[in-house]
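Summary of structural features
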Amino acid sequence: MGITIVCRAVALWMLGVALGGAHARAPVAIAVHGGAGTIDRSSMSAEKREQIELALTRALRNAHSVLSSGGSSLDAVTTAVVLLEDSPHFNAGKGAVFNAEGRNELDAAIMEGHSRRAGAVAALTRVRNPIRAARAVMEASPHVFMIGAGAEQFAREQGLDMVSPGYFRTNERWRQFQEARREAESDRKADAPRPEAASDYYGTVGAVALDQHGHLAAATSTGGMIMKRYGRVGDVPVIGGGTWADDRCAVSATGWGEFFIRSAAAHEICARVRLAGASIGDAAAGVVLNDIPAMGGNGGVIAIDAAGTIAMPFSSAGMYRGTIDADGEITISIWADGE
Ligand code: ASP
């Protein structure tokens, strides 16, 4: 019997080789980001850089193995974002920035391209992985967007992992918050995020993916902008603002959220691909490098099209990012020169 199984396996493998083996499968691709901003090369220790690159690599590899074993782009982007939320190095889940009251309020969204299903959550304080809550809203409720206490009650009912608000705090973020608060107080601008300080602290995480079925998905998760006012919601959970997927294009954004909302950035990029026939590279660059800076904002996106072509423009000094492209090649970079 054992021999029969082995013979069957060999026959199937030979059939696979005869049909082109791995080359017969549709290409899969994944990109992740860990936020855009003023990422100062000289002040980043080698150890910190290594930890960030490791976290990005781990998210990419795990998501890629979902895709290469035939899993959906939706599962791949969820896998990547959960891992990045659990890492303390990014402004999402553990390690999120503090708002003006010294609390963490988390936003997230997920979207599946071919079905246009979407789920989003905002102002969460107790759900360990906000991206799982966004996905639960999409899959287990008739709604798209849930906020605050109601969203948390729903997450609890769905059996998601709940934590005390202190779980999200890291000493590094707390120090950043104290510094930002001191600066804001001395500027007497404590009521609003300070533009010049804001770009120091982006760090949202996101993923976009193409699966073997040719389906695209996008997911984004964030603590928002440091010193944001109570109740402020950024672009990340606004479907079409910081997160979007259709059957030709998927986008996850990071940057000064108000500008991404006002330019419907993620949707705008995909609309240029779908309606104007633009390449993913031109569409993403047009919005991120022209439109948003022209309005006074900055930031970046990761974007992917149905062929697995990836674009990752940003107008800030750096953006933590990584890809495993359709040829299986992995890249991780932080600054514009590809370093
Ligand atoms: N886009 C996020 C927001 O405005 C911030 C970030 O990218 O880090 O909430």
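Summarised in this report is the structure supplied together with it. (Residues numbered from 1 in each chain as written. Predicted model: local features only at pLDDT ≥ 70, side-chain atom pairs only at ≥ 80, totals over all residues. Heavy atoms only, no water.)

1. Brief notes about the sheet that holds strand β8 (residues 249–255)
- What the four strands build is an open sheet, ordered β7-β8-β9-β10; its pairing is antiparallel. Edge positions in the sheet fall to β7 (243–245) and β10 (310–311), since each of these pairs with one other strand and no more.
- Summarising the sheet, β7 and β8 pair through three bridges and their orientation is antiparallel. By the bridge assignment, Ala245 is partnered in β8 with Ala250.
- Here helix α9 (residues 265–276) sits on the sheet and contacts β7, β8 and β9 (299–305); the angle it forms with β8, its principal contact strand, is near 150°.
- Packing of helix α10 (residues 280–295) onto the sheet brings it into contact with β8, β9 and β10, and relative to β9 it is tilted by some 160°. (Pairing = 2+ DSSP bridges. Helix = DSSP H or I, 4+ residues; strand = E, 2+ residues; numbered from the N terminus. Contact = heavy atoms within 4.5 Å. Axes fitted to C-alpha atoms, helices over the stretch in contact; angles between N-to-C directions.)

2. Description of the site of the ligand
- Looking at the ligand, the residues that line it are Asn91, Tyr202, Gly203, Thr204, Gly224, Met225, Arg232, Gly234, Asp235, Thr254, Gly255 and Gly257.
- Taking Arg232, its side chain carries an N or O atom lying 2.8 Å from an oxygen atom of the ligand.
- Within the contact set of the ligand, a nitrogen atom lies 2.7 Å away from a side-chain nitrogen or oxygen of Asp235.
- Within the complex, 100% of the 270 Å² of free accessible area of the ligand lies under protein.
- The cavity where the ligand resides is the largest cavity. (Near = heavy atom within 4 Å. Polar contact = N/O pair within 3.5 Å; in protein donor to acceptor, adjacent residues only side chain to side chain. Areas by Shrake-Rupley, 256 points an atom, 1.4 Å probe, with all protein chains shown as cover. 1 Å grid on protein atoms, 1.4 Å probe; cavity = no way out; pocket = protein on both sides within 12 Å on 5 of 7 lines; lining within 4 Å. Sits in = over half its atoms within 2 Å of the grid points.)

3. Brief notes about the environment of Ile30
- Structurally, Ile30 can be placed in strand β1 (residues 29–37).
- Separated by 274 residues in the primary sequence, Ile30 and Ile304 place their C-alpha atoms 8.1 Å from one another.
- Residue contacts for Ile30: discarding those within four places in its chain leaves Leu60, Ala63, His64, Leu67, Ala76, Ala207, Val208, Ala209, Ile310, Gly322, Thr323 and Ile324.

4. Topic: the state of the cysteines
- Tallied over the full model, the rule gives one disulfide.
- In this model Cys249 forms its disulfide with Cys270; the gap between the sulfur atoms is 2.0 Å. As the torsion about the S-S bond is roughly -70°, the Cys249-Cys270 disulfide counts as left-handed. With Cys249 in strand β8 and Cys270 in helix α9, this residue pair connects regions lying 21 residues apart in the sequence. (Disulfide = S-S within 2.5 Å.)

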